[in-house]
2 protein chains.
Amino acid sequence: MSQAKEMNNAPQWTIKMADGTSETLAPREGPVRKAWNCLVRLLSQFVLKIWRFLQKAWSLGANDPRKVVHCLKVGTALSVVSLFFYMRPLYESVGKNAMWAVMTVVVVFEHTVGATISKSFNRVCGTILAGFLGLGVNWVADKSGEKFEPWIIGSSLFLLASAATFSRFIPSVKARFDYGAMIFILTFSLVSVSGYRVEELFALAHERLSTIAIGTSLCIIVSMLVCPIWAGTELHNLIVRNMDKLSCSLEGCVIEYFDGSAEGGKSEPIKNLQGYKCVLTSKATEETMANFARWEPAHGHFNFRHPWQQYLKVGASLRSCAYCVEALYGCICSETQAPESIKSHLASTCLRVSSQSSNVVKELAKVIKATSKSSTIDSVVGEMDDAVKDLQSCLADLPKLLLPLPTPEVSGLEKAERSAASLATTPLLDMVPLVTSASLLIEITGRIKGVVNEVDELADLAEFEPADQENSKHNQPTNKIAMQKQTEEGTQKALERV
Amino acid sequence: MSQAKEMNNAPQWTIKMADGTSETLAPREGPVRKAWNCLVRLLSQFVLKIWRFLQKAWSLGANDPRKVVHCLKVGTALSVVSLFFYMRPLYESVGKNAMWAVMTVVVVFEHTVGATISKSFNRVCGTILAGFLGLGVNWVADKSGEKFEPWIIGSSLFLLASAATFSRFIPSVKARFDYGAMIFILTFSLVSVSGYRVEELFALAHERLSTIAIGTSLCIIVSMLVCPIWAGTELHNLIVRNMDKLSCSLEGCVIEYFDGSAEGGKSEPIKNLQGYKCVLTSKATEETMANFARWEPAHGHFNFRHPWQQYLKVGASLRSCAYCVEALYGCICSETQAPESIKSHLASTCLRVSSQSSNVVKELAKVIKATSKSSTIDSVVGEMDDAVKDLQSCLADLPKLLLPLPTPEVSGLEKAERSAASLATTPLLDMVPLVTSASLLIEITGRIKGVVNEVDELADLAEFEPADQENSKHNQPTNKIAMQKQTEEGTQKALERV
């Protein structure tokens, strides 16, 4: 410190340059000061990093408070299970093996109820199966004399561990019993190895099983009773959310196309409408959730045997739409753009198709969300089909449009010649992205019909409530008008901007 | 049994019908026979199921023998670690805690070296950190008197377990330290809970750490020395394989389009060319592999700090191509097809574009496979660009083509009129899928350039060997000719079939 002070009091050296400016020479820093500065810099960087990390963690918790609740649930379950160590009667009943109850809670408690039940089931079954097998092998080894004992135990351990490890590669086992296979290996090796030393295997097995039962039942009870997070509900909501995102992207990107191009060719991609990307990447999550959901008991709208696998099919059909939307984005961000006159010819129909098809997807999202069939879905799909037909006839009219309008003063000969000339120079190349977009829109409507079919099947399998006919008769025209109005408004707005 | 026999010997009843046929009446089955038949049926079904399962498992092992090797490795590691129980001096050095070594082997041994190292690191660090914290908390609790002791221990357990559980939700922690956080909770609760009873915590910690060290080092040694499976190499090969699949799909589907349509409109999707679907779904695998690969030491062509993250970017750019290929498939399977005359006009250029672009992808696959830059990549990309330009001018020529050929006998007036009439009836609607396919092909070439850029960056970051200039000068023309020849052959074949 004193050295640093000394330096501050040291005389300053200044150089006057030829051009009149002056430069102060900094005193050469001593090694202590250098090290101090370096340390301060490192520390401040470290603190900043920690601060950012904490900020990120805070926003994570603020965005989804259920995550915080889950953490508190884990803390509670662990505290409860550790009571076994503090309360004398409980401790004496399970002994030192209470450790297994703690381990079970730590390992088995998962975010969703389904995952917790699945892991508990795997743990209990794996332990029981391996325990019995281990006891059997030990008994056989014991009977066959001291010479063969280690060989029998060693080779059975090698064989069973290898076989169980291999079973974890088989997709159907991996999806459901991966953890169970691991617990099987673990328990079998512990039993067969410790059995060689400890004689009281039965007591051990009994204690271990009862502690595991305590741990798993505690986990299941806490995860089901305290703010439960059901994998099934999560999957259900994920599909609904993906449908909403897809319909927004689809409608938004077509509006942007016919709107944004007024300010000149677009070359940078549109960023805030890319919700469809979530649909592209949600396959793994959907599969995991569906796998856990099948373990869950009836809850909310869902029975025990709710057709979760059908959700995967709905998800896959949604993804096939999203692939096309992604290609549509490519077209829309293309640098070559059709002339405004032709664009405006297609604008209203394209906007109608996109808005109607996004209405269909929104209606499907409503169907799934409310778990009740829709009485309006057929009419909405019908409107989408009408819009597609209009778009197709617009496309068919395109060549006619390229001909100049016949003016009465011009003679027949001149007219025909002019039109031929104009056609020979048709900027078809410029029209390609437009035609492609229209064609992709038509393809998307086809794929949306695939989604409609999958949702229909889901509604049948899950026995969704039938559509309220009375209600629908009243509502249908209103809905239709409201929808039409909404569509027209959207189209109008976009057209105004064109 | 005797009852069943009796029944077989019982008299048979036969009825003669009016039309001359006779029918034998089956004796009414007794309950025992019924149950027996039912049991036999169930048993045979069960045996069949087991048989099919075994067949599947066998083919899994036959297709990838490394999986079998992995299982044998796990069996070996477990057998070796169980020696600690059988050999007196080893057993006495670690005592009953040898159980932890067995557990470590079961839990930590993973398919790839990177995953094993990552889990080992997590296990060791989580144990050490939680062990020290647990000792500290126990010491503080011990000093603060018997009244506060359970409260301090209980609340610290609750808080730390909750915090560690929450950290597992943070993406950066989840990707790398998920297992470590779990082990932290596990060890901390075991230490703090057992510390209340057992006084020899230091000895326990020492024993536990040494057994875990034995287990992890055994796993790492076995997984690295016996037929190692490196996550990095797997990622590397996955990307190369995906590139090959994508290029095959791209080339194959265009050939199918111009070839298959000769036999009439296609409505059912092409199945054996859908390799691109693997590209669509490989994101999760790529990310897992890249995460494990960073833990691996230098091996083969790869240094310790090989830019594995760049592989993810290459994968993402490949996927963006695959989305477009998926849309292209949709077009190609579309029911409306362009008239043959127009199709054949575009056939050769479309085939050239697809073949050149698939050549580019193949060349990129070669670059990555050989980890050496390519001297021909620029020329291949140039050829792809030329093909695209040709396709664009073909598209621009399309309207001209729709006009009938001018015949010298026809007067100017007649010619112009006829052309105008033919244009008015141009089946543009039928052409839409063709134009869309062509446009998607052009879009795909654009995205392939994105892949080229990412691979270039990878080559720079990973310091791929420079292209052999001498060799390339000799080879370039030859390569070019060979490639051109190959392309022309493919095109020729397809055209012949059209």
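What counts, and at which threshold
Residues numbered from 1 in each chain as written. Chains lettered and ligands numbered in written order. Predicted model: local features only at pLDDT ≥ 70, side-chain atom pairs only at ≥ 80, totals over all residues. Heavy atoms only, no water. Helix = DSSP H or I, 4+ residues; strand = E, 2+ residues; numbered from the N terminus. Buried < 20%, exposed > 50% of the residue type's maximum accessible area, 1.4 Å probe, protein only. Contact = heavy atoms within 4.5 Å. pLDDT = per-residue confidence, 0-100. Domains from an automatic or database assignment. Buried area = accessible area lost by both parts, 1.4 Å probe. Salt bridge = Lys/Arg side-chain N within 4 Å of Asp/Glu carboxyl O. Disulfide = S-S within 2.5 Å. Phe/Tyr/Trp six-rings, centres within 6.5 Å; stacked < 30°, edge-to-face > 60°. Lys NZ or Arg CZ within 6 Å of the ring centre and 35° of its normal. Patch = residues over 30% accessible without salt bridge, like charges linked within 9 Å, V, L, I, M, F, W, Y side chains within 5 Å. Areas by Shrake-Rupley, 256 points an atom, 1.4 Å probe, with all protein chains shown as cover. Core = buried A, V, L, I, M, F, W, Y, C linked by side-chain atoms within 4.5 Å. Axes fitted to C-alpha atoms, helices over the stretch in contact; angles between N-to-C directions. Left-handed = near helix turned anticlockwise from the far one by under 90°. Nonpolar A, V, L, I, M, F, W, Y, C, P; charged D, E, K, R; others polar. Polar contact = N/O pair within 3.5 Å; in protein donor to acceptor, adjacent residues only side chain to side chain. Expected span 1.5 Å × (residues − 1).

Comments concerning the overall build of chain A
Here's step 1: Counting its secondary structure elements, chain A contains 18 helices and two strands.
Here's step 2: Expressed as a percentage of its 498 residues, the buried residues of chain A come to 48%.
Here's step 3: A separation threshold of at least 6 residues defines the contact pool for chain A, and within that pool the share at least 24 residues apart is 80%.

A short note on the confidence of the model for chain A
Residues and elements named next belong to chain A.
Here's step 1: Of the residues in chain A, 76% reach a pLDDT of 70 or more, and the chain-wide mean stands at 80.
Here's step 2: Here helix α16 (residues 412-424) stands out as the least confident element of chain A, with mean pLDDT 45; helix α12 (residues 283-293) is the most confident, with 92.
Here's step 3: Low pLDDT (under 50) marks residues 1-7, which in the prediction has six contacts with non-local residues, meaning those over four places away or in another chain.
Here's step 4: Predicted confidence is poor over residues 403-425, with pLDDT under 50, and the contacts of this stretch with residues over four places away or in other chains come to 21 contacts.
Here's step 5: Here the complex is predicted with pTM 0.79, and the ipTM for its interfaces comes to 0.78.

Here's the deal with the domain arrangement of chain A
By a frequent convention, interface size equals the accessible area lost on bringing the separate parts together.
Residue and element names in this part refer to chain A.
Here's step 1: Each assigned domain of chain A is listed here: domain 1 (66-225) and domain 2 (231-401 + 427-497).
Here's step 2: Across the contact, twelve residues belong to domain 1 and eight residues belong to domain 2.
Here's step 3: Carbon and sulfur atoms supply 66% of the area buried between domain 1 and domain 2, which totals about 910 Å² over both sides.
Here's step 4: The three residues of domain 1 that bury the most area against domain 2 are Thr-112, Gly-114 and Arg-176, which together make up 40% of that side's buried surface.
Here's step 5: In this structure, Arg-66 engages Glu-234 in a salt bridge whose closest nitrogen and oxygen atoms are separated by 2.8 Å.

Comments concerning the state of the cysteines
Formally, a disulfide is one covalent bond, and it connects the sulfur atom of one cysteine to the sulfur atom of another.
Here's step 1: The full count for this structure, using the stated rule, is zero disulfides over all chains.
Here's step 2: Left unpaired, A:Cys278 is separated from the closest cysteine sulfur, that of A:Cys248, by 12 Å.

So, the environment of A:Lys389
Residues and elements named next belong to chain A.
Here's step 1: Structurally, the position occupied by Lys-389 is in helix α15 (residues 377-402).
Here's step 2: On the accessibility criterion, Lys-389 (54% relative accessible area) is exposed.
Here's step 3: When the C-alpha atoms of Lys-389 and Ile-442 are compared, they prove to be 9.3 Å apart, with 53 residues separating the residues in sequence.

Regarding the packing of aromatic side chains
Residue and element names in this part refer to chain A.
Here's step 1: Here the structure, examined in full by the defined rule, presents 15 aromatic pairs over all chains.
Here's step 2: Put simply, the rings of Phe-302, Trp-308 and Tyr-311 pair up and form one aromatic cluster.
Here's step 3: One cation-aromatic arrangement involves Lys-119 over Tyr-179; the distance from NZ or CZ to the ring centre is 4.7 Å.

Quick word on the pattern of salt bridges
Residue and element names in this part refer to chain A.
Here's step 1: The final tally for this structure, using the stated rule, is 28 salt bridges over all chains.
Here's step 2: Across the pair Arg-66 and Asp-64 runs a salt bridge whose closest N-O atoms are separated by 3.4 Å.
Here's step 3: By relative accessible area, which is 19% here, Asp-64 ends up buried.
Here's step 4: As a salt-bridge pair, Lys-362 and Glu-251 come within 3.3 Å of each other at their nearest N and O atoms.

Describing a nonpolar patch on the surface
Residue and element names in this part refer to chain A.
Here's step 1: The grouping of Trp-36, Leu-39, Val-40, Leu-43, Phe-46, Val-47, Ile-50, Trp-51, Phe-53 and Leu-54 at the surface amounts to a nonpolar patch, some 1000 Å² of accessible area in total.
Here's step 2: Following the sequence through the fold, Trp-36 ends up in helix α2 (residues 31-63).
Here's step 3: Residue classification places Trp-36 among the exposed positions, given a relative accessible area of 53%.

Overview of the nonpolar core
Here's step 1: Membership of the largest hydrophobic core comes to 147 residues, with the highest contact counts inside it found for A:Met243 and B:Met243.
Here's step 2: Those residues in contact with B:Met243, other than ones at most four positions away along the chain, are B:Val314, B:Leu318, B:Val361, B:Leu364, B:Ala365, B:Ile368, B:Val451 and B:Val455.
Here's step 3: Membership of the second largest hydrophobic core comes to 74 residues, among which are A:Ala101, A:Val107, A:Val222 and B:Val222.

Notes on unusual backbone geometry
The phi angle of most residues is negative, glycine excepted, and most peptide bonds adopt the trans form.
Residue and element names in this part refer to chain A.
Here's step 1: Unusually for a residue other than glycine, Cys-227 sits at a positive phi of about 40°.
Here's step 2: Turning to its location among the elements, Cys-227 is positioned in the loop between α9 (201-225) and α10 (231-260).
Here's step 3: Among the residues examined, Cys-227 registers a relative accessible area of 48% and is labelled partly exposed.
Here's step 4: At Glu-463, a residue that is not glycine, the phi angle is positive and equals roughly 50°.
Here's step 5: As for its position among the elements, Glu-463 is in the loop between α17 (428-461) and α18 (469-497).
Here's step 6: Residue classification places Glu-463 among the exposed residues on the basis of a relative accessible area of 66%.

Structural notes on the packing of helix α7 (residues 145-167) of chain A against helix α3 (residues 65-86) of chain B
Here's step 1: It is at 8 Å that the axes of α7(A) and α3(B) come closest, and there the two elements cross at 145°. When you trace α7(A) past α3(B), the crossing you get is right-handed. On α3(B), the residues that touch A:Ile153, A:Gly154, A:Leu157, A:Phe158, A:Ala161, A:Ser162, A:Thr165 and A:Phe166 of α7(A) are B:Lys67, B:Val68, B:His70, B:Cys71, B:Leu72, B:Val74, B:Gly75, B:Thr76, B:Leu78, B:Ser79, B:Ser82 and B:Tyr86.
Here's step 2: Looking at the contact of α7(A) with α3(B) residue by residue, the class counts come to eleven nonpolar, eight polar and one charged.

Description of helix α5 (residues 98-108) of chain A
The α-helix advances 3.6 residues per turn, and as a result positions three or four apart in sequence lie on the same side.
Here's step 1: Summarising burial for α5(A): eleven of the eleven residues are buried, a large majority.
Here's step 2: All of the buried residues in α5(A) are A:Ala98, A:Met99, A:Trp100, A:Ala101, A:Val102, A:Met103, A:Thr104, A:Val105, A:Val106, A:Val107 and A:Val108.

With respect to the environment of A:Ser144
Residues and elements named next belong to chain A.
Here's step 1: Its place among the elements puts Ser-144 in the loop between α6 (113-143) and α7.
Here's step 2: Once the C-alpha coordinates of Ser-144 and Tyr-86 are considered, the two residues, 58 residues apart in sequence, prove to be 44 Å apart.
Here's step 3: Polar side-chain contacts of Ser-144 include one of 3.0 Å to the backbone oxygen of Ala-141.

Brief notes about the packing of α3(B) against helix α9 (residues 201-225) of chain B
All names here are of chain B.
Here's step 1: Across the interface, α3 lies against α9 with an axial gap of 10 Å and an inter-helix angle of 145°. The two elements α3 and α9 meet at a crossing, and its hand is right-handed. Taken together, the residues of α9 that come into contact with α3 (itself represented by Lys-73, Ala-77, Val-80, Val-81 and Phe-84) are Ile-214, Leu-218, Val-222 and Ser-223.
Here's step 2: For the contact of α3 with α9, the per-class residue count stands at seven nonpolar, one polar and one charged.

A few points about the side chain of B:Asp178
Residue and element names in this part refer to chain B.
Here's step 1: Tracing the chain through its elements places Asp-178 in helix α8 (residues 171-195).
Here's step 2: At a separation of 3.0 Å, a polar atom in the side chain of Asp-178 contacts the side chain of Arg-168.
Here's step 3: When residues no more than four places from it in sequence are discounted, the contact partners of Asp-178 are Arg-168 and Val-173.

Some remarks on helix α6 (residues 113-143) of chain B
Here's step 1: For α6(B), spanning 31 residues, the distance from its first C-alpha to its last is 45 Å, which sits close to the expected 45 Å at 1.5 Å a residue.
Here's step 2: Where α6(B) terminates, the next one or two residues include B:Gly145, which has phi positive at roughly 90°.

Considering the environment of A:Trp139
Here's step 1: Along the chain, A:Trp139 turns up in helix α6.
Here's step 2: By relative accessible area, A:Trp139 is classed as exposed at 55%.

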